[in-house]
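For reference, the chains in residue letters:
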Amino acid sequence: MGHSLRHRLLAALAGSAHIPDMTMLNDDVAGYFEDADQFVDVNTLGADRLEAQYLPWKWQAGTTPDGRLLGFPVDTGPAALYYRHDLFPQAGFPGEPGDVARAVSTWDDYFAFGTGCSRTPWRSNRASTSTGSTGSSAAKRTFSSRGTVR
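What counts, and where the lines are drawn
- Residues numbered from 1 in each chain as written.
- Predicted model: local features only at pLDDT ≥ 70, side-chain atom pairs only at ≥ 80, totals over all residues.
- Heavy atoms only, no water.
- Helix = DSSP H or I, 4+ residues; strand = E, 2+ residues; numbered from the N terminus.
- Buried < 20%, exposed > 50% of the residue type's maximum accessible area, 1.4 Å probe, protein only.
- Contact = heavy atoms within 4.5 Å.
- Areas by Shrake-Rupley, 256 points an atom, 1.4 Å probe, with all protein chains shown as cover.
- Phe/Tyr/Trp six-rings, centres within 6.5 Å; stacked < 30°, edge-to-face > 60°.
- pLDDT = per-residue confidence, 0-100.
- Salt bridge = Lys/Arg side-chain N within 4 Å of Asp/Glu carboxyl O.
- Patch = residues over 30% accessible without salt bridge, like charges linked within 9 Å, V, L, I, M, F, W, Y side chains within 5 Å.

**Observations concerning the overall build of the protein**
Turning to step 1, where the next piece is worked out: Within the protein, the regular secondary structure consists of five helices and zero strands.
Turning to step 2, where the next piece is worked out: The secondary structure elements of the protein, listed N-terminal to C-terminal, are α-α-α-α-α.
Turning to step 3, where the next piece is worked out: Each of the 150 residues in the protein was classed as buried or not, and the buried ones make up 23%.
Turning to step 4, where the next piece is worked out: Contacts spanning at least 24 positions in sequence make up 45% of the contacts within the protein whose residues lie at least 6 apart.
Turning to step 5, where the next piece is worked out: In the form shown here, the protein has an accessible surface area of approximately 10900 Å², with 55% of it arising from carbon and sulfur atoms.

Right, dumping it as C-alpha coordinates:
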(Lines give C-alpha, C1' and ligand atoms only; values in the text may rest on other atoms or scores of the structure.)
Protein backbone atom coordinates (compact mmCIF):
# COMPACT_ATOMS: atom_id res chain seq x y z
CA MET A 1 0.00 0.00 0.00
CA GLY A 2 1.35 3.44 -0.85
CA HIS A 3 2.50 5.68 1.96
CA SER A 4 -0.24 8.28 1.39
CA LEU A 5 -2.95 5.60 1.44
CA ARG A 6 -1.43 4.08 4.59
CA HIS A 7 -1.34 7.49 6.28
CA ARG A 8 -4.94 8.23 5.29
CA LEU A 9 -6.11 4.87 6.65
CA LEU A 10 -4.23 5.34 9.93
CA ALA A 11 -5.68 8.86 10.26
CA ALA A 12 -9.20 7.52 9.61
CA LEU A 13 -8.71 4.80 12.23
CA ALA A 14 -7.34 7.30 14.76
CA GLY A 15 -10.26 9.65 14.20
CA SER A 16 -12.86 6.89 13.89
CA ALA A 17 -14.22 8.60 10.79
CA HIS A 18 -14.28 7.90 7.06
CA ILE A 19 -13.05 4.35 7.60
CA PRO A 20 -13.41 2.32 4.40
CA ASP A 21 -15.60 -0.76 4.32
CA MET A 22 -12.74 -2.68 2.75
CA THR A 23 -9.07 -1.96 2.18
CA MET A 24 -6.01 -3.74 0.85
CA LEU A 25 -3.08 -4.01 3.25
CA ASN A 26 0.43 -5.11 2.44
CA ASP A 27 2.74 -7.22 4.60
CA ASP A 28 2.63 -4.62 7.38
CA VAL A 29 -0.69 -5.85 8.80
CA ALA A 30 0.87 -5.97 12.27
CA GLY A 31 1.07 -2.18 12.11
CA TYR A 32 -2.72 -2.15 12.43
CA PHE A 33 -3.00 -4.54 15.37
CA GLU A 34 -3.46 -1.73 17.88
CA ASP A 35 -6.60 -0.76 15.92
CA ALA A 36 -7.85 -4.37 15.70
CA ASP A 37 -11.15 -3.42 17.30
CA GLN A 38 -11.98 -1.36 14.19
CA PHE A 39 -11.53 -4.34 11.86
CA VAL A 40 -13.83 -7.30 11.38
CA ASP A 41 -12.24 -10.55 12.49
CA VAL A 42 -12.63 -12.40 9.19
CA ASN A 43 -12.54 -15.68 11.11
CA THR A 44 -16.09 -14.78 12.21
CA LEU A 45 -17.03 -14.85 8.51
CA GLY A 46 -15.63 -18.36 8.03
CA ALA A 47 -12.07 -17.58 6.97
CA ASP A 48 -10.71 -19.94 9.62
CA ARG A 49 -12.07 -22.89 7.58
CA LEU A 50 -9.59 -22.00 4.81
CA GLU A 51 -6.46 -21.72 6.96
CA ALA A 52 -5.09 -25.14 5.91
CA GLN A 53 -4.89 -23.89 2.31
CA TYR A 54 -2.32 -21.21 3.21
CA LEU A 55 1.28 -21.14 4.31
CA PRO A 56 1.34 -20.89 8.13
CA TRP A 57 3.63 -17.84 8.17
CA LYS A 58 1.40 -15.96 5.73
CA TRP A 59 -1.72 -16.73 7.74
CA GLN A 60 -0.04 -15.69 10.99
CA ALA A 61 1.09 -12.37 9.47
CA GLY A 62 -2.54 -11.15 9.58
CA THR A 63 -3.41 -12.68 12.95
CA THR A 64 -3.35 -10.57 16.10
CA PRO A 65 -1.80 -11.97 19.30
CA ASP A 66 -5.31 -12.72 20.59
CA GLY A 67 -6.20 -14.70 17.41
CA ARG A 68 -8.22 -12.20 15.38
CA LEU A 69 -7.57 -12.42 11.63
CA LEU A 70 -7.46 -8.85 10.33
CA GLY A 71 -6.15 -9.53 6.88
CA PHE A 72 -6.95 -12.36 4.55
CA PRO A 73 -3.76 -13.43 2.76
CA VAL A 74 -4.10 -12.82 -0.96
CA ASP A 75 -0.58 -13.50 -2.20
CA THR A 76 2.79 -14.78 -1.12
CA GLY A 77 4.99 -12.72 -3.41
CA PRO A 78 5.58 -15.21 -6.22
CA ALA A 79 9.13 -15.47 -7.46
CA ALA A 80 10.81 -16.63 -10.62
CA LEU A 81 14.22 -18.09 -11.30
CA TYR A 82 15.88 -16.70 -14.40
CA TYR A 83 18.98 -18.48 -15.59
CA ARG A 84 21.23 -19.02 -18.59
CA HIS A 85 20.33 -22.51 -19.82
CA ASP A 86 23.59 -22.62 -21.78
CA LEU A 87 25.75 -21.89 -18.73
CA PHE A 88 24.07 -24.07 -16.12
CA PRO A 89 25.20 -27.40 -17.64
CA GLN A 90 28.78 -26.09 -17.90
CA ALA A 91 28.72 -25.66 -14.13
CA GLY A 92 27.17 -29.07 -13.48
CA PHE A 93 23.57 -27.87 -13.07
CA PRO A 94 20.55 -28.93 -15.13
CA GLY A 95 19.76 -26.65 -18.05
CA GLU A 96 16.29 -27.65 -19.18
CA PRO A 97 13.37 -25.82 -17.48
CA GLY A 98 11.68 -29.01 -16.20
CA ASP A 99 14.95 -30.30 -14.75
CA VAL A 100 15.65 -26.98 -13.07
CA ALA A 101 12.11 -26.89 -11.65
CA ARG A 102 12.59 -30.35 -10.14
CA ALA A 103 15.99 -29.32 -8.72
CA VAL A 104 14.44 -26.35 -6.87
CA SER A 105 11.00 -27.70 -5.93
CA THR A 106 11.25 -26.53 -2.29
CA TRP A 107 12.62 -23.39 -0.67
CA ASP A 108 15.40 -25.46 0.94
CA ASP A 109 16.34 -26.77 -2.52
CA TYR A 110 16.21 -23.23 -3.91
CA PHE A 111 18.58 -21.85 -1.26
CA ALA A 112 20.96 -24.81 -1.61
CA PHE A 113 20.88 -24.37 -5.37
CA GLY A 114 21.71 -20.67 -4.99
CA THR A 115 24.65 -21.50 -2.74
CA GLY A 116 25.95 -23.86 -5.40
CA CYS A 117 25.48 -21.22 -8.09
CA SER A 118 27.58 -18.76 -6.11
CA ARG A 119 30.55 -21.10 -6.56
CA THR A 120 30.29 -21.40 -10.34
CA PRO A 121 33.02 -20.53 -12.88
CA TRP A 122 30.98 -17.73 -14.49
CA ARG A 123 30.44 -15.90 -11.18
CA SER A 124 33.88 -14.28 -11.43
CA ASN A 125 32.96 -12.87 -14.86
CA ARG A 126 29.77 -11.26 -13.58
CA ALA A 127 31.38 -8.01 -12.45
CA SER A 128 33.23 -7.43 -15.71
CA THR A 129 30.23 -8.20 -17.94
CA SER A 130 27.86 -6.00 -15.95
CA THR A 131 29.92 -2.92 -16.77
CA GLY A 132 29.85 -3.53 -20.54
CA SER A 133 28.22 -1.21 -23.02
CA THR A 134 24.44 -1.38 -23.37
CA GLY A 135 24.91 -1.64 -27.13
CA SER A 136 26.67 -5.01 -26.85
CA SER A 137 25.38 -7.96 -28.84
CA ALA A 138 24.55 -9.75 -25.55
CA ALA A 139 22.13 -6.98 -24.58
CA LYS A 140 20.34 -7.34 -27.94
CA ARG A 141 19.66 -11.08 -27.68
CA THR A 142 16.11 -12.37 -27.39
CA PHE A 143 14.72 -15.67 -26.20
CA SER A 144 12.55 -18.14 -28.05
CA SER A 145 9.53 -19.79 -26.44
CA ARG A 146 11.81 -22.71 -25.42
CA GLY A 147 14.16 -20.31 -23.62
CA THR A 148 16.93 -20.57 -26.19
CA VAL A 149 18.93 -17.48 -27.11
CA ARG A 150 18.43 -16.11 -30.63
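**Here's the deal with the packing of aromatic side chains**
Turning to step 1, where the next piece is worked out: Applying the stated criterion across every chain, the model contains nine aromatic pairs.
Turning to step 2, where the next piece is worked out: Taking 5.4 Å as the distance between ring centres and 45° as the angle between the ring planes, the aromatic pair formed by Y54 and W59 counts as tilted.
Turning to step 3, where the next piece is worked out: The class for W59 is buried, based on a relative accessible area of 3%.
Turning to step 4, where the next piece is worked out: The interplanar angle of 35° and the centroid separation of 4.8 Å between the aromatic rings of Y83 and F88 together place this pair among those described as tilted.
Turning to step 5, where the next piece is worked out: Judged by relative accessible area, which is 23%, Y83 ranks as partly exposed.
Turning to step 6, where the next piece is worked out: Chaining the aromatic ring pairs together yields one cluster made of Y83, F88, F93 and F113.

**Quick look at the confidence of the model for the protein**
Turning to step 1, where the next piece is worked out: Counting all residues, the mean pLDDT for the protein is 75, and 73% of those residues have values of 70 or more.
Turning to step 2, where the next piece is worked out: For the protein, the element scoring lowest by mean pLDDT is helix α5 (residues 126-130), at 37; helix α3 (residues 97-103) scores highest, at 90.
Turning to step 3, where the next piece is worked out: Across residues 124-150, where pLDDT falls below 50, the model places 16 contacts with residues more than four positions away in sequence or in other chains.

**Some points on unusual backbone geometry**
Turning to step 1, where the next piece is worked out: Of note, S16 is a non-glycine position whose phi angle comes to about 50°, a positive value.
Turning to step 2, where the next piece is worked out: One can find S16 in the loop between α1 (3-15) and α2 (56-61).
Turning to step 3, where the next piece is worked out: For H18, which is not a glycine, the phi torsion comes out positive at approximately 60°.
Turning to step 4, where the next piece is worked out: Mapped onto the secondary structure, H18 falls in the loop between α1 and α2.

**Considering the pattern of salt bridges**
Turning to step 1, where the next piece is worked out: Counted under the stated rule, the structure contains two salt bridges.
Turning to step 2, where the next piece is worked out: Between R84 and D86 there is a salt bridge whose closest N-O contact spans 2.8 Å.
Turning to step 3, where the next piece is worked out: Classification of D86 by relative accessible area gives partly exposed; the value is 31%.
Turning to step 4, where the next piece is worked out: Notably, a salt bridge pairs D99 with R102, separated by 2.5 Å at the nearest N-O pair. Within this pair, D99 and its partner R102 are both found in helix α3, separated by three residues, close to a single helical turn.
Turning to step 5, where the next piece is worked out: On the accessibility criterion, R102 (59% relative accessible area) is exposed.

**Quick word on a nonpolar patch on the surface**
Turning to step 1, where the next piece is worked out: Together, M24, L50, F72 and V74 give the surface a local cluster of nonpolar side chains, amounting to about 370 Å² of exposed area.
Turning to step 2, where the next piece is worked out: Following the sequence through the fold, M24 ends up in the loop between α1 and α2.
Turning to step 3, where the next piece is worked out: Using a relative accessible area of 55% as the deciding quantity, one classes M24 as exposed.

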